[in-house]
Amino acid sequence: PALAVLGLGIALVAFVAYGIASRSLLAGSTEHMQYVAKNVAERAQSWVEERQRQVDGWSRLDVYANAMADTFMAKAARTQATGLLKEYIKGNDTFETVLLVNSAGDVLAASKEGDVGAKLADREYFVQAMKGDSAISEPFANPQGKVVFMVAFPVRNKSNEVIGVLAGQVALQSFATTRVNPVRIGEKGYCYLVDREGLILVHPKAENILKLNIQTL
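Keep in mind the model is a prediction, meaning the values are calculated, not measured. (Residues numbered from 1 in each chain as written. Predicted model: local features only at pLDDT ≥ 70, side-chain atom pairs only at ≥ 80, totals over all residues. Heavy atoms only, no water.)

S.K.: How should the pattern of salt bridges be read in this particular structure?
M.R.: What the rule picks out here adds up to eight salt bridges. Where Glu50 meets Arg53, a salt bridge forms, and the shortest distance between an N and an O atom there is 2.9 Å. Placement of both Glu50 and Arg53 in helix α1 (residues 23–59) is noted, with a separation of three residues, approximately one turn of the helix. Across the salt bridge formed by Glu113 and Lys86, the nearest N and O atoms sit 3.1 Å from each other. Taken as a pair, Glu113 in the loop between β4 (107–110) and α4 (124–130) and Lys86 in helix α3 (residues 72–89) lie far apart in primary sequence, 27 residues in all. Judged by its relative accessible area of 59%, Glu113 is exposed. With relative accessibility at 34%, the residue Lys86 sits in the partly exposed group. Put simply, Glu96, Lys112 and Lys146 are held in one network by salt bridges that share partners. (Salt bridge = Lys/Arg side-chain N within 4 Å of Asp/Glu carboxyl O. Helix = DSSP H or I, 4+ residues; strand = E, 2+ residues; numbered from the N terminus. Buried < 20%, exposed > 50% of the residue type's maximum accessible area, 1.4 Å probe, protein only.)

Here it is as structure tokens:
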């Protein structure tokens with residue numbers, strides 16, 4: 001049996017659930033489980049909001065707007081932008097990569113050189129950010145097999161026009177390692193996170209991640 005807490009209102013987490021060792025443990029610990037689940041859920045939301053604040057702050061730097069044009073000065077700005085983006089992920093296990101994207105959806109600069117030139121025009125988070133809004137994608141597995149989600153903010157020029165997007169790829173494991181995996185209830189109770197559809201995103205058993213859906217149990 002498992003206990004779920006619903007309704008975080010963000011794309012990252014829809015449920016916080018607990019695997020329980022026995023029915024007797026479930027019966028005797030429901031109130032405590034609800035308290036801990038709510039606490040983990042609130043921490044998850046605060047953690048996501050902090051990642052949003054980081055990307056929002058970065059997106060406001062003039063260098064990213066200056067890098068958008070097809071000019072010699074813009075080329076120099078892209079070189080500077082690349083250096084900044086690399087610094088963001090240096091020694092940082094939260095962001096896998098950070099991308100500077102022009103209005104056509106082309107990645108102009110990135111913290112990982114292999115991402116430059118990628119086409120993102122069809123990504124929902126890019127489309128939303130180009131409309132002037134912040135965006136968070138649904139979690140997905142990146143090419144390295146890590147569960148990640150995208151946080152995106154518009155890049156604006158001095159006339160406040162949206163001319164591009166700054167997007168950070170956030171690794172969910174950085175939250176799980178410190179705030180989810182250590183949680184224990186009794187000898188065998190544990191915490192795991194699932195998405196809106198019940199697909200497991202964080203679990204003590206790695207083989208369950210992005211493979212097991214609790215709605216099928």
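S.K.: Would you explain the nonpolar core in this entry?
M.R.: For soluble globular proteins, the rule of thumb is that nonpolar side chains tend to be buried together. Trp58, Tyr64, Leu85, Val98, Leu100, Leu166 and Val180 are the most contacted members of the largest nonpolar core, which has 37 residues in total. With seven residues, the top contributor of residues to this core is α1. With residues near it in sequence (within four places) discarded, Leu100 still touches Tyr64, Ala67, Met68, Ala81, Leu85, Asp106, Val107, Leu108, Ala109, Val155, Val165 and Leu166. Ranked by size, the runner-up nonpolar core spans 13 residues in total, among them Ala110, Tyr125, Met150 and Ala152. (Core = buried A, V, L, I, M, F, W, Y, C linked by side-chain atoms within 4.5 Å. Contact = heavy atoms within 4.5 Å.)

S.K.: So what exactly am I meant to see when it comes to the pairing of strand β3 (residues 95–102) here?
M.R.: Looking down a regular strand, the side chains alternate between one sheet face and the other. Among the eight residues in β3, eight count as buried, and that is most of the element. Pairing of β3 with strand β8 (residues 162–171) involves seven bridges; the strand directions are antiparallel. Bridge pairing in β8 places Val98 opposite Gly168. Inspection of the sheet shows β3 paired to β4 by three bridges, in the antiparallel sense. (Pairing = 2+ DSSP bridges.)

S.K.: Could you clarify how one ought to interpret α3 in this entry?
M.R.: Owing to its 3.6 residues per turn, the α-helix brings residues three or four apart onto one side. Relative to the 26 Å expected for 18 residues at 1.5 Å per residue, α3 spans 27 Å between its end C-alpha atoms, a close match to the ideal helical length. Buried residues of α3: Ala74, Ala77, Arg78, Ala81, Thr82, Leu85, Tyr88 and Ile89, and no others. Down the axis, α3 shows its buried residues gathered within 150° of arc, on one side only. Set apart from the buried face of α3 by more than 90 degrees, the exposed residues are Phe72, Met73 and Thr79. Looking one or two residues beyond α3, the residue adopting positive phi is Gly91, at roughly 65°. (Expected span 1.5 Å × (residues − 1). Arc of directions from axis to C-beta.)

S.K.: What should I look at first to understand the environment of Ser137 in this one?
M.R.: Inspection of the secondary structure puts Ser137 in the loop between β5 (135–136) and β6 (140–141). Along the sequence, Ser137 and Arg123 sit 14 residues apart, while their C-alpha atoms lie 8.8 Å from each other. A distance of 2.8 Å separates the side chain of Ser137 from the backbone nitrogen of Met150, its partner in a polar contact. (Polar contact = N/O pair within 3.5 Å; in protein donor to acceptor, adjacent residues only side chain to side chain.)

S.K.: What is the right way to look at the environment of Leu201 in this model?
M.R.: Summarising the element assignment, Leu201 is placed in strand β11 (residues 200–202). A residue is classified by how much of its surface remains accessible, and Leu201, at 3% relative accessible area, is buried. In this structure the C-alpha to C-alpha distance between Leu201 and Leu172, which are 29 residues apart in sequence, comes to 8.1 Å.

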